[in-house]
Structures are given as C-alpha cells and as structure tokens.
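Single-letter residue listing:
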Amino acid sequence: MTVSTPQSAKASKNRFGSTVPSQADLALLAQPLTLPFSGKIIKNRFCKAALSESLGGAQGQFDKDHLDRFVPLYDAWAAGGSGLVLTGNVMVDRTMREMEHNVAVEDSRDLGRLKVWAQTVQKHGAAIYAQISHPGRQTHAHLTENPVAPSAIPVSNFHPLMSFNPPRALTTEEIKSIITRFRTHDQYGGSLENRARFLTEIVEGIKAVTPKEFSIGVKLNSVDFGRRRQGGAAGASAEEEVDEHLEEAVQIAVMLEELGVDFIEISGGSYESFATGLLDGKGVPDESPNTDNKKTKKAPSNSTQKREAHFAVFAERISRALKTTKVILTGGFVTASAMTDSLKPSLTSSGTHIDMVGLGRTICQEPDLPNLILSGAVTGAVRLPKTPGGFFDDVFICGGNIRRMAYGKYPVASLGRLAVSCDHYAYSMDYAKVAVHKVKTIFS
C-alpha cells in the first residue's frame, strides 16, 4: 500500500530552506550512482537511512503478521523516491537486541518473508540493504542481563529512565562466534589493525560465501572515533575541528575499500551522545525554529550550511582517502540546497566527494520528500514543532509515524496528535518497559 502526500503538505510554508535548487543542482540528486565493486546501479542520490522500526516480534520473530506491517512501511519509503533504502537494525543474535522488537535473523527460517520485504522496495526501482547488527553493550537492561562488548566499559548513566547492564569483555572464541553470525591470541585489541580485525573479518567472511555482484556497505559511526569540536583560532570563523582520533577512521575506511566495500555511510550518535547534545541544537540552519526567524531573516552562512550535515567534516576527511568506495553522508539534512551542495566537489579540498545524501527523521514525517525535492516542489523538509524533549521527542514522533505508515496511515508532525494515536501507544510501550525496569532497579 502506497501512502500518498496530501496536497496541503506540498503547499505548506512551514518548511526549511528559502529557495528551490536550480535544475542543474537537482540533476545532481537525480543522477544514478554505480557502485564500484558489485556494479549495482542506484537510481538516484537519496538514501533512506537506517531507522529502528520496532515492528518485529518480542523475541525478534519475523512472522506473517510482522511482514504485513513492514510491507506498507517500506512501500511508502520506496515509492517516495529514495534510491537506496537501508533497513533498521536486523540483529544477528536473538538474545542480543538493541530494541525489544528488532527483527533478528539467525538462519533461513524467515527467508521467504525476507524476500517479500526486499521485493516491496525493488518493485519501485530502489535498492534495499539490510543493516545487520550486534548491539554490544547498547542493549537495554530489561532485554539483556549479561551484555557483551569488546571491552567491559559500561554505558554511562545518562538518562534517569534508562538503564544498561555492565557488559563483560568478549573472549576470543565469542568474537569468532559473532563473526560467524554475520558469516563470516588477543587478535582484537591493541593496535588499530587488531581493533579493526573484528570488522574486516566479518567483511571477508561475507565476501567468501557470496558472489562478486553481492554488494556490501559499512556504516562508520563518528562517535566511535571521537567527537567534533566547535571553535578555532581567535579571530577565525567558527569552523568544526576534527579530533586527531578520526585519522583512525580514515585508515579503517581505506582497509574497507581494499576489501571491496561498495559504500561507507558516515553517521554518528549513540544513546550517550544524543543525551549529551551531540545532535541536539547542532547543525541547525539559521532560519530554523531554534532561532528567532522573524527577527533575523538571514540566509544560512557557509559554515552553517556545512554544519547542517552533522558529520560533513568527518565524511570529507574520509572521502579524500578513498579512490573508489562511495561515501554516504547521513544526519542533519533539512534543506534541498544543502543536499545538492553536499554532492558538489569541494573547491578547497582536492579529492573530497560525498556521493549520496542520507535522510532519516525527515522522511518519517514525509516519506516522499525525495520525490518532492526532485520535482522542484519544495525547498526542504517539513519543520517539526519545537518541543521540550528535543531529540528524544523527535524520536517518539518518528517512531509513532513509522507505526502509522506500517498501518497505511499518513504521518503527522505533532507530538500532541501522536499522543492520541492508538498506533503510537504500542511504540511507547517499548520505552515504558525501559523506564519501569529502571525504577525497579532504583528501589530494589
């Protein structure tokens, strides 16, 4: 079932951006992209980023009832114009999940239904990639009593209603077991080569059992390598500086290219970084609801345009080192002009290339935003009303809208309207269980 956009949404002035890009700039977004190692062709430069759907079974099952929710949801996103569609987390271990209702795939029992899920996207000419994942330490306490991670460093107590059990460090045999789940001495710690081995052996394992035309992409999380910093020399413009640790990310990206990875998606964020404001209030255009638009009326500066994409500096640093692997930049895009600008070769940094634009929260509110932008009908994404909860309110709005689309309904852009939506209650229950577990922990 395809979800169509109401005419009123297209005519709304409550959007980011002040101008529609030129036809030449829009052509950059419409241009197909050939992936270098598999030869697969992506029809345009829009990527629907990975978002947790929370629509699987309570134990990670993917039965017909669950498929019936995934089909209308992914039909809406694919029909909306995204050339590349990334799924939410598909867990490789049913006992280790990021959220209670993640889909988990451990064997071939759900293969027929997984094919239907893929065909739902492919019939619109889009490509679908499953984001296969292991949560490590970032699994809620009520789901996993004994989480495992590369080291025994716990998630910080960053939110009063969330709790995560301290992880224990994986043994070498357990690491090999997890690698096998992706198919794929202390060999996994110390030097960068050793620390990257977990990832590179997974890629090598997949390559070993799949044909040449099988395409592999990898998401690199900027938070894993250090955080961006605001500032600069006295008197200089406030540009983002990149931590020296990000050079390790560049080296890992080169390793992945040598292994034949088609694309690297640059994103960022963890529960901790969201809570400490890495994404909240950062990279917001000058004309956004976080500023007094009625008084300023000014166009975004060049530095602000760059910051609209949260991880642009990180992505540019990596892209300069890559010769063939494509780069997808996800996080923060709200104006059509920033999307087109990101695809233009940098005039100041030789070899910089961003090849696709990743959209997440924006297409939870408007699944056909790519088509609207490509048609020249809109200047950018629909604005969400400012709410006290900031990023976490956005998460609830997106989660509620994902569930609405899963039931064939059109999204809404109001937390209040979602509060009276029966569909949203089911999504909220996942977080209610998290909060209840935290309260029990406090008083136990």
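Structure shown above.
Residues numbered from 1 in each chain as written. Predicted model: local features only at pLDDT ≥ 70, side-chain atom pairs only at ≥ 80, totals over all residues. Heavy atoms only, no water.

So, the overall build of the protein
Move 1: The helix and strand inventory of the protein stands at 17 helices and 14 strands.
Move 2: In the protein, which comprises 444 residues, the proportion classed as buried is 54%. (Helix = DSSP H or I, 4+ residues; strand = E, 2+ residues; numbered from the N terminus. Buried < 20%, exposed > 50% of the residue type's maximum accessible area, 1.4 Å probe, protein only.)

Details of the nonpolar core
Move 1: In terms of nonpolar packing, the biggest core is built from 70 residues, with Tyr74, Trp77, Ile266, Ile318, Leu329 and Ile373 touching the most fellow members.
Move 2: Of the residues forming this core, the biggest block, seven residues, is contributed by helix α3 (residues 64–79).
Move 3: If sequence neighbours within four positions are ignored, Tyr74 has contacts with Lys48, Glu53, Val85, Leu86, Thr87, Gly88, Trp117, Thr120, Val121 and Ile128. (Core = buried A, V, L, I, M, F, W, Y, C linked by side-chain atoms within 4.5 Å. Contact = heavy atoms within 4.5 Å.)

Quick notes on the packing of α3 against helix α4 (residues 111–122)
Axes are the key here: two packed helices are described by the angle between their axes and the distance separating the axes.
Move 1: Interaxial distance between α3 and α4 falls to 8 Å at its minimum, and their mutual angle equals 15 degrees. One way to sum up the angle between α3 and α4 is to call them roughly parallel. The interaxial crossing formed by α3 with α4 has right-handed handedness. For the pair α3 and α4, the contacting residues are Lys64, Leu67, Phe70, Val71, Tyr74, Asp75 and Ala78 in the first and Arg113, Val116, Trp117, Thr120 and Val121 in the second.
Move 2: Class assignment of the residues belonging to the contact of α3 with α4 gives a composition of eight nonpolar, one polar and three charged. (Axes fitted to C-alpha atoms, helices over the stretch in contact; angles between N-to-C directions. Parallel < 35°, antiparallel > 145°, perpendicular 65-115°, else oblique. Left-handed = near helix turned anticlockwise from the far one by under 90°. Nonpolar A, V, L, I, M, F, W, Y, C, P; charged D, E, K, R; others polar.)

Concerning the pairing of strand β12 (residues 263–267)
Move 1: Counting buried positions along β12 gives five out of five residues, so the element sits mostly inside the fold.
Move 2: Every second residue of β12 is oriented toward a common face, with Phe263, Glu265 and Ser267 on one face and Ile264 and Ile266 on the other, all of them buried.
Move 3: In the sheet, strand β9 (residues 217–221) pairs with β12 via five bridges, with the strands oriented parallel. Note that in β12 the partner of Gly217 across the bridge is Phe263. (Pairing = 2+ DSSP bridges.)

Some thoughts on the packing of aromatic side chains
Move 1: As enumerated under the stated definition, the model contains seven aromatic pairs in all.
Move 2: Aromatic side chains Phe62 and Trp117 sit 5.4 Å apart centroid to centroid with 40 degrees between the ring planes, which places their arrangement in the tilted category. One end of the pair, Phe62, is in the loop between β3 (46–48) and α3; the other, Trp117, is in helix α4, with 55 residues separating them in the sequence.
Move 3: With relative accessibility at 4%, the residue Trp117 sits in the buried group.
Move 4: Look at Tyr129 and Phe263: their rings are 5.2 Å apart centre to centre, the planes differ by 65 degrees, and that puts the pair in the edge-to-face class. Grouping residues by exposure puts Tyr129 and Phe263 together as buried.
Move 5: Among the aromatic residues, those joined into a cluster by ring pairs are Phe62, Phe70, Tyr74, Trp77 and Trp117.
Move 6: In this arrangement the basic side chain of Lys48 is found over the ring face of Trp77, its NZ or CZ atom lying 4.3 Å from the centre.
Move 7: Seen from the ring of Phe16, Arg383 lies directly overhead, with NZ or CZ sitting 4.8 Å from the centre. (Phe/Tyr/Trp six-rings, centres within 6.5 Å; stacked < 30°, edge-to-face > 60°. Lys NZ or Arg CZ within 6 Å of the ring centre and 35° of its normal.)

What about the side chain of Ser215?
Move 1: Along the chain, the position of Ser215 falls in the loop between α6 (192–208) and β9.
Move 2: Using a relative accessible area of 8% as the deciding quantity, one classes Ser215 as buried.
Move 3: A polar contact is formed between the side chain of Ser215 and the side chain of Tyr129, at a distance of 2.6 Å.
Move 4: If sequence neighbours within four positions are ignored, Ser215 has contacts with Leu35, Ser38, Lys40, Tyr129 and Asp262. (Polar contact = N/O pair within 3.5 Å; in protein donor to acceptor, adjacent residues only side chain to side chain.)

Brief notes about the pattern of salt bridges
Proximity of charged atoms lets side chains of opposite charge pair with each other.
Move 1: Scanning all chains against the criterion turns up 11 salt bridges.
Move 2: A salt bridge links Asp110 to Arg113, with the shortest nitrogen-to-oxygen separation between them at 2.8 Å.
Move 3: Asp110 sits in the buried class, given a relative accessible area of 5%.
Move 4: Note on Arg113: relative accessible area 27%, which makes it partly exposed.
Move 5: Arg195 is the partner of Glu248 in a salt bridge, and the nearest nitrogen-oxygen pair spans 3.2 Å. Pair noted here: Glu248 is in helix α7 (residues 246–258) and Arg195 is in helix α6, with a separation of 53 residues, a long-range link.
Move 6: Taking relative accessible area as the criterion, Arg195 reaches 40% and is therefore assigned partly exposed.
Move 7: Taken together, the salt bridges that share partners define one network made up of Asp25, Asp341 and Lys344. (Salt bridge = Lys/Arg side-chain N within 4 Å of Asp/Glu carboxyl O.)

Here's the deal with the environment of Leu199
Move 1: Among the secondary structure elements, Leu199 is positioned in helix α6.
Move 2: In this structure Leu199 comes out as partly exposed when scored by relative accessible area, which is 27%.
Move 3: When the C-alpha positions of Leu199 and Val218 are compared, they lie 9.2 Å apart, and in sequence the two are 19 residues distant.

Details of α3
Move 1: With 16 residues, α3 extends 22 Å between its outermost C-alpha atoms, agreeing within 8% with the 22 Å of an ideal straight helix rising 1.5 Å per residue.
Move 2: Buried within α3 we find His66, Leu67, Phe70, Pro72, Leu73, Tyr74, Asp75, Ala76, Trp77 and Ala78.
Move 3: Count one or two residues on from α3 and you reach Gly81, which has phi positive near 110 degrees. (Expected span 1.5 Å × (residues − 1).)

Digging into helix α11 (residues 312–319)
Move 1: Most of α11 is tucked away, with seven of its eight residues classed as buried.
Move 2: Taken residue by residue, α11 has Ala312, Val313, Phe314, Ala315, Glu316, Ile318 and Ser319 as its buried positions.

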